[in-house]
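Summary of the model geometry
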Amino acid sequence: MLKKKLTILLVANCFWYIYNFRLDFVKLLKSSGYKIIVLAPSDSYKDLVKEYVDEVHDWNLLRGSTNPFLEIRSIFHLIVLYRRINANLVHNFTIKPSLYGALAGRIIGQKKIISHITGIGPSFFGFSRAIRFITYLLIPIYRFSFARNTKLIFHNKNDSEIFLKKGICKKESLCIIEGSGVDTKKFRNKKIKNSYFDPVQILFPARIIMEKGFIELFEVCLELWAEGYQFILNIAGDIDKENKSSLTRKEIKIISQNNNINFLGKISNMKSIYLKSDIVILPSWREGLSKSLVEAASMSLPIITTNVPGCREIIENNKSGLLIPKKNKLFLKKAIKKLIRNPKTGIKYGLRARELVKSRFEVSYINKQILEIYNQLIT
């Protein structure tokens with residue numbers, strides 16, 4: 001008699017996340033003999049994910065919504081789907097699915113749940129009073145939802161400490177796994193150059209929103225171009241309509257009139273962009289753990305980023321890149337000048353950055369840690 005496969009339900013705020021951040025992990029689960037079901041709001045990546053899993057289901061969720069009626073509807077829909085699928089283990093990714101998934105699980109008695117907090121976003125350190133007030137009201141719900149959660153995974157220590165400080169979870173229920181990892185064999189530059197391209201190619205690999213530090217970078221670049229520095233700023237990212245701090249299409253159109261800026265949009269093959277880049281800059285205000293920086297480091301590229309959680313873990317300042325204070329245009333400008341003027345230093349930083357990635361962020365190492373948690377919970 002054949003042994004029935006154990007069912008794993010992966011829940012995310014979009015199929016794009018599963019495809020771009022967790023596809024290697026999905027493949028590992030399949031090779032380990034699990035039945036894989038993915039649940040997320042429908043998007044253009046749904047059919048791509050479907051090729052690698054047993055089932056996909058649409059979840060009625062709006063990622064950027066704060067409408068309480070729509071959010072309650074999303075939770076009830078999740079409860080219905082949980083009951084219908086009846087998985088052996090549920091793994092929720094990102095903050096909103098983790099909260100709603102834990103709450104739904106508590107209501108129906110689903111005990112084996114992993115809440116994977118990839119980043120706590122502006123809700124806990126928000127730049128809007130309204131968002132901070134909503135979060136204050138939600139804290140009791142967080143505590144109720146995560147009180148009996150089987151496991152919480154964080155991408156950095158700082159995020160986990162915030163949850164502990166607010167009494168949302170207990171220390172024994174959490175662990176830290178640094179990001180989603182990178183395939184260092186795939187993200188590898190086989191031809192390390194001795195100098196930069198002409199003109200220098202700077203890459204900003206992120207969504208075009210305020211929290212990624214795009215405005216600071218744009219304003220500093222304008223100053224540097226006015227001073228005679230020659231370089232191209234390539235933007236590998238798109239606007240985020242569900243994020244209230246996103247730039248608009250109209251603003252992008254105005255900015256793109258500058259001949260020194262290329263808006264590349266959302267890129268499916270980031271390796272091809274890294275190969276055409278000299279310096280990667282992400283002056284983010286906060287991250288869970290930046291996948292784009294890990295990929296750039298794996299490609300032996302020098303990095304300028306901010307000394308904040310989710311960024312500083314990837315860079316050793318003045319050894320494998322440059323760390324600057326967040327929202328500080330003066331330090332950002334100095335850092336860009338330093339790397340443009342000293343290509344040999346930048347290339348040296350990039351080589352060191354790759355060594356750090358290989359030792360800490362290799363995707364097989366990251367996925368093995370998650371799989372060990374699965375085995376503990378299921379057995």
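Now for a quick tour of the structure. (Residues numbered from 1 in each chain as written. Predicted model: local features only at pLDDT ≥ 70, side-chain atom pairs only at ≥ 80, totals over all residues. Heavy atoms only, no water.)

1. Quick look at the overall build of the chain
What counts here: Secondary structure elements follow DSSP: runs of H or I no shorter than four residues count as helices, runs of E no shorter than two count as strands, and numbering proceeds from the N terminus. Just to be clear, the radius of gyration here is over C-alpha atoms, and the globule rule we use is 2.2 Å times residues to the power 0.38. Between buried and exposed lies partly exposed: a residue is buried under 20% and exposed over 50% of the maximum accessible area for its type, with that area taken using a 1.4 Å probe on protein chains only.
Each helix and strand counted, the chain has 15 helices and 13 strands in total. Rg of the C-alpha trace for the chain: 21 Å, near the compact-globule value of 21 Å for 379 residues, within the 12% margin. Taking the principal axes of the C-alpha coordinates as reference, the chain spans close to 70 × 50 × 40 Å. The burial tally for the chain puts 55% of its 379 residues in the buried class.

2. Thoughts on the nonpolar core
What counts, and what does not: Remark: nonpolar core denotes a set of buried residues (Ala, Val, Leu, Ile, Met, Phe, Trp, Tyr, Cys) joined through side-chain atoms within 4.5 Å. Here, residues are in contact when the closest pair of their heavy atoms is within 4.5 Å.
One finds Ile202, Phe231, Leu233, Ile279, Ile304 and Ile336 to be the most contacted residues of the largest nonpolar core, which totals 58 residues. Not counting the four nearest positions on each side in its chain, isoleucine 202 is found in contact with Phe231, Ile232, Leu233, Asn234, Ile279, Ile281, Ile336 and Ile340.

3. Some details on the environment of proline 325
Residue position: proline 325 is located in the loop between β13 (322-324) and α13 (329-341). Among the residues examined, proline 325 registers a relative accessible area of 35% and is labelled partly exposed. The spatial distance from the C-alpha of proline 325 to the C-alpha of valine 90 is 38 Å, given a sequence separation of 235 residues.

4. Quick look at the pairing of strand β12 (residues 303-306)
Keep this limit in mind: At least two bridges found by DSSP between two strands are what make those strands a pair. Orienting the strands away from the viewer, one traces the path from the first strand over the helix to the second; a clockwise path indicates a right-handed crossover.
Going residue by residue along β12, you find Ile303 and Thr305 tucked away on one face and Ile304 and Thr306 tucked away on the opposite face as well. Two elements, strand β11 (residues 279-282) and β12, share three bridges in a ladder whose sense is parallel. Across the sheet, the residue bridging to isoleucine 281 is isoleucine 304, located in β12. Chirality of the crossover, the property in question, places the unit of β11, helix α12 (residues 291-298) and β12 among those that are right-handed. Sheet analysis places β12 next to β13, joined by three bridges and oriented parallel. Bridged to threonine 306 within β13 is isoleucine 324.

5. Re the packing of aromatic side chains
Threshold: Each pair of aromatic rings taken from Phe, Tyr and Trp, with Trp reduced to its six-membered ring, is defined by centres within 6.5 Å and is described as stacked if the planes are under 30 degrees apart, edge-to-face if over 60, and tilted in the remaining cases. Two thresholds decide whether a charge sits over a ring: the Lys NZ or Arg CZ must be within 6 Å of the ring centre and within 35 degrees of the ring normal.
Tallied over the entire structure, the rule returns 15 aromatic pairs. Ring centres of phenylalanine 187 and tyrosine 274 lie 6.3 Å apart, and the angle between their planes is 65 degrees; this geometry places the pair in the edge-to-face category. Note that phenylalanine 187 is positioned in the loop between β7 (174-176) and β8 (200-204) and tyrosine 274 in helix α11 (residues 270-274), a separation of 87 residues in sequence. Using a relative accessible area of 1% as the deciding quantity, one classes tyrosine 274 as buried. Members of the aromatic cluster, each reached through a chain of ring pairs, are Trp16, Tyr17, Phe21 and Phe93. The ring of tryptophan 285 carries lysine 327 above its face, with NZ or CZ at 4.2 Å from the centroid. Positioned above the aromatic ring of phenylalanine 331, the side-chain terminus of lysine 334 is 5.7 Å from the ring centre.

6. Side note on the pattern of salt bridges
Going by this rule: Salt bridge, as used here: a side-chain nitrogen of Lys or Arg that lies within 4 Å of a carboxyl oxygen of Asp or Glu.
A full pass over the atoms with the stated rule returns 17 salt bridges. In this structure, lysine 157 engages glutamate 161 in a salt bridge whose closest nitrogen and oxygen atoms are separated by 3.9 Å. With lysine 157 and glutamate 161 both in helix α8 (residues 157-165), this residue pair falls four residues apart, about one helical turn. You can call lysine 157 exposed: its relative accessible area is 55%. With a shortest N-O distance of 2.7 Å, glutamate 287 and lysine 212 are connected by a salt bridge. In this pair, glutamate 287 is assigned in the loop between β11 and α12 and lysine 212 in the loop between β8 and α9 (214-226), connecting sequence segments 75 residues apart. Across the pair, exposure class does not vary: glutamate 287 and lysine 212 are buried alike. It is possible to trace a salt-bridge network through shared partners that takes in Glu223, Glu227, Lys333 and Lys337.

7. Points about the sheet that holds strand β9 (residues 231-235)
The test is simple: Orientation is described by lines fitted to C-alpha atoms, with helices fitted over the stretch in contact, and by angles between N-to-C directions that extend from 0 to 180 degrees.
Strand order in this open sheet of six strands is β10-β9-β8-β11-β12-β13, and the pairing throughout is parallel. Sheet topology places β10 (261-263) and β13 at the edges, where each strand pairs with a single neighbour. Across the sheet, the mean angle separating the axes of adjacent strands is 20 degrees when strand polarity is ignored. The pairing of β9 with β10 spans three bridges and is parallel.

8. What to know about the packing of α9 against α13
Selection rule: An angle below 35 degrees is read as roughly parallel, one above 145 as roughly antiparallel, one from 65 to 115 as roughly perpendicular, and any other as oblique. Crossing handedness: left-handed means the near helix sits turned counterclockwise from the far one by under a right angle, and right-handed means the same turn made clockwise. All amino acids are sorted into three groups, where Ala, Val, Leu, Ile, Met, Phe, Trp, Tyr, Cys and Pro are nonpolar, Asp, Glu, Lys and Arg are charged, and the leftover types, Gly among them, are polar.
In contact at an axis separation of 10 Å, α9 and α13 are set at 55 degrees when each is read in the N-to-C sense. On the basis of the axis angle, α9 is oblique to α13. The hand of the α9/α13 crossing is right-handed. Contacts between α9 and α13 involve Glu216, Leu217, Glu219, Val220, Glu223 and Leu224 from the first element and Lys329, Leu332, Lys333, Ile336 and Lys337 from the second. For the contact of α9 with α13, the class distribution of residues is five nonpolar, no polar and six charged.

9. Section: the side chain of asparagine 156
The test is simple: Whenever two N or O atoms come within 3.5 Å, that pair is a polar contact, provided that in protein one can donate a hydrogen and the other can accept it, and provided that, for residues adjacent in sequence, both atoms are side-chain atoms.
Mapping asparagine 156 onto the fold places it in the loop between β6 (151-154) and α8. Polar contacts involving the side chain of asparagine 156 include one to the main-chain amide nitrogen of aspartate 159, which spans 2.8 Å. Of note is the side chain of asparagine 156, whose polar atom sits 3.4 Å from the backbone oxygen of glutamate 287. If we ignore the near neighbours within four places in the chain, the residues touching asparagine 156 are Ile176, Glu287, Gly288, Pro309, Gly310 and Glu313.

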